[in-house]
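# Notes for the structure review
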Amino acid sequence: MRQLALSLTLLLFASATTATQAEEIGSVDTVFKFIGPDHKIVVEAFDDPGVAGVTCFLSRARTGGLKGAFGLAEDKSEASIACRQVGPISIPKPIKPQEEIFSERTSLIFKRLRIVRMVDPKRHTLVYLTYSDRVIEGSPQNSVTAVAVDRAVTIPLR
């Protein structure tokens, strides 16, 4: 029993970590709830932690009601992403050809929203993919966006 409690505690701690923190830009209500927050679509922004000058904007559903208020709801798997150059692009340290740069839990324990950055060296482009996964079964729903990098800027890979 103690091992189970310890395992669940570690799993909850691990599910609470994110590579990057998103900043909420705004939201719109989609369903009115008498008790607890409304269901909504949230737009968030986060800067790519390995590439200065690139910001990703993510829109996704957030479940309200009592379950949503207490963090017990499971958010839908649908999300949309748009990453843009918002300043001069620089990559101070080598980056991986494929790397998860954002992860946030969307249910109490088992479901996460993830964003992966991929490098397309042939086209000198950064590709960003968002998707949702679960411990047992993920979702094929995804969204992709790309940011072309000026050929004068080196994309150092490790």
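Description of the structure in this document. The shown structure was predicted, so the numbers you read here are calculated from the model rather than taken from an experiment.

### Quick notes on the overall build of the chain
Helix and strand counts for the chain come out as 2 helices and 8 strands. Reading the chain from its N terminus to its C terminus gives the helix and strand order α-β-β-β-α-β-β-β-β-β. Among the 158 residues that make up the chain, the fraction classed as buried is 38%. Pairs at least 24 residues apart make up 51% of the contacts formed inside the chain by residues separated by at least 6 positions. Roughly 9,600 Å² of accessible area belongs to the chain as shown, and the carbon and sulfur atoms make up 59% of that amount.

### Overview of the packing of aromatic side chains
One pass over the structure, following the stated rule, counts 1 aromatic pair. With 4.8 Å between their ring centres and 15° between their planes, Phe46 and Phe102 make a pair best called stacked. Of this pair, Phe46 sits in strand β2 (residues 39-47) while Phe102 sits in strand β5 (residues 98-105); the two residues are 56 residues apart in sequence, bridging distant segments of the chain. Take Phe46 and Phe102: they sit in the same class, and that class is buried.

### Focus: the state of the cysteines
Scanning all chains against the criterion turns up 1 disulfide. Paired through a disulfide, Cys56 and Cys83 show a sulfur-sulfur distance of 2.0 Å. Disulfide Cys56-Cys83: torsion about the S-S bond near 105°, hence right-handed. Of the two residues, Cys56 is situated in strand β3 (residues 52-62) and Cys83 in strand β4 (residues 79-90); the sequence distance between them amounts to 27 residues. Residue class for Cys56 comes out buried when judged on its relative accessible area of 0%.

### Concerning the side chain of Thr145
By the secondary structure assignment, Thr145 is in strand β8 (residues 142-148). In this structure the side chain of Thr145 is engaged in a polar contact, spanning 3.4 Å, whose partner is the backbone nitrogen of Cys83. Once residues lying within four places of it in the same chain are set aside, the contact partners of Thr145 are Ile81, Ala82, Cys83, Arg84, Leu126, Val127 and Tyr128.

### Details of the pattern of salt bridges
For the structure shown, the criterion picks out 6 salt bridges. A salt bridge links Arg60 to Glu44; the nearest nitrogen and oxygen atoms lie 3.0 Å apart. Highlighted residues: Arg60 in strand β3 and Glu44 in strand β2, separated in sequence by 16 residues. The pair formed by Arg60 and Glu44 is uniform in burial state, with each residue classed as buried. Across the pair Arg117 and Glu99 runs a salt bridge, and its minimum N-O distance is 3.2 Å. One end of the pair, Arg117, is in strand β6 (residues 111-120); the other, Glu99, is in strand β5, and 18 residues separate them in sequence. Among the charged side chains, a network of salt bridges with common partners joins Asp48, Glu99, Arg117 and Arg158.

Parameters at a glance
Residues numbered from 1 in each chain as written. Predicted model: local features only at pLDDT ≥ 70, side-chain atom pairs only at ≥ 80, totals over all residues. Heavy atoms only, no water. Helix = DSSP H or I, 4+ residues; strand = E, 2+ residues; numbered from the N terminus. Buried < 20%, exposed > 50% of the residue type's maximum accessible area, 1.4 Å probe, protein only. Contact = heavy atoms within 4.5 Å. Areas by Shrake-Rupley, 256 points an atom, 1.4 Å probe, with all protein chains shown as cover. Phe/Tyr/Trp six-rings, centres within 6.5 Å; stacked < 30°, edge-to-face > 60°. Disulfide = S-S within 2.5 Å. Polar contact = N/O pair within 3.5 Å; in protein donor to acceptor, adjacent residues only side chain to side chain. Salt bridge = Lys/Arg side-chain N within 4 Å of Asp/Glu carboxyl O.

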